Amino acid sequence: MSYIYGYLLLINALGFVFMLKDKVRAKKKQLRIPERALLTLSIIGGSGGTVLGMYLFRHKIRNRNFFYGLPIILCLHIAIAVCIAQLIKK
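Residues numbered from 1 in each chain as written. Predicted model: local features only at pLDDT ≥ 70, side-chain atom pairs only at ≥ 80, totals over all residues. Heavy atoms only, no water.

**Focus on the pattern of salt bridges**
Line of reasoning, step 1. Overall, the coordinates contain 3 salt bridges when judged by the stated rule.
Line of reasoning, step 2. Note that Asp22 is salt-bridged to Arg32, the shortest N-O span being 3.0 Å. Placement of Asp22 in helix α1 (residues 2-27) and of Arg32 in the loop between α1 and α2 (35-56) is noted, with a sequence separation of 10 residues between them.
Line of reasoning, step 3. Here Glu35 and Lys60 are joined by a salt bridge, their closest N and O atoms 3.2 Å apart. A residue pair is termed long-range when its members are at least 10 positions apart, and Glu35 in helix α2 and Lys60 in the loop between α2 and α3 (64-89) qualify at 25 residues.
Line of reasoning, step 4. Put simply, Asp22, Arg32, Glu35 and Lys60 are held in one network by salt bridges that share partners. (Salt bridge = Lys/Arg side-chain N within 4 Å of Asp/Glu carboxyl O. Helix = DSSP H or I, 4+ residues; strand = E, 2+ residues; numbered from the N terminus.)

**Looking at the packing of α1 against α2**
Line of reasoning, step 1. At a minimum axis separation of 7 Å, α1 and α2 run at an interaxial angle of 55 degrees. The angle between α1 and α2 places the two elements in the oblique class. For the element pair α1 and α2, the recorded crossing hand is right-handed.
Line of reasoning, step 2. Split by residue class, the contact of α1 with α2 holds 13 nonpolar, 9 polar and 1 charged. (Axes fitted to C-alpha atoms, helices over the stretch in contact; angles between N-to-C directions. Parallel < 35°, antiparallel > 145°, perpendicular 65-115°, else oblique. Left-handed = near helix turned anticlockwise from the far one by under 90°. Nonpolar A, V, L, I, M, F, W, Y, C, P; charged D, E, K, R; others polar.)

**Focus: the packing of aromatic side chains**
Line of reasoning, step 1. With the rule as written, the count across this model stands at 2 aromatic pairs.
Line of reasoning, step 2. Here the aromatic rings of Phe67 and Tyr68 are separated by 5.1 Å at their centres, their planes lie at 85 degrees, and the arrangement is edge-to-face.
Line of reasoning, step 3. Given the relative accessible area of 49%, Tyr68 is considered partly exposed. (Phe/Tyr/Trp six-rings, centres within 6.5 Å; stacked < 30°, edge-to-face > 60°. Buried < 20%, exposed > 50% of the residue type's maximum accessible area, 1.4 Å probe, protein only.)

**Overview of unusual backbone geometry**
Line of reasoning, step 1. Despite not being glycine, Lys29 has its phi angle at roughly 60 degrees, a positive value.
Line of reasoning, step 2. Along the chain, Lys29 falls in the loop between α1 and α2.
Line of reasoning, step 3. Phi at Arg58 takes a positive value of approximately 50 degrees, unusual for a residue other than glycine.
Line of reasoning, step 4. Exposure remark for Arg58: the relative accessible area of 60% places this residue in the exposed category.

Structure below.
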């Protein structure tokens, strides 16, 4: 179980850092991190970090895929975690 917590901590930290890095690159007109990479990072467990980074850095909030998609992915991840926790309890 500690491996799962470690993985989630790492992947969410990566999501947060990638959103910050992409925001900095956008301001400097540099090569950006692909949107597909940011969305994939969110889907594989980093939705908390990417959503936090999106709102904290005000990055990608005009993009509908991110504005609606990332919070939906986060809600799905929370629902899955609650379901798994209920199964483990029984």
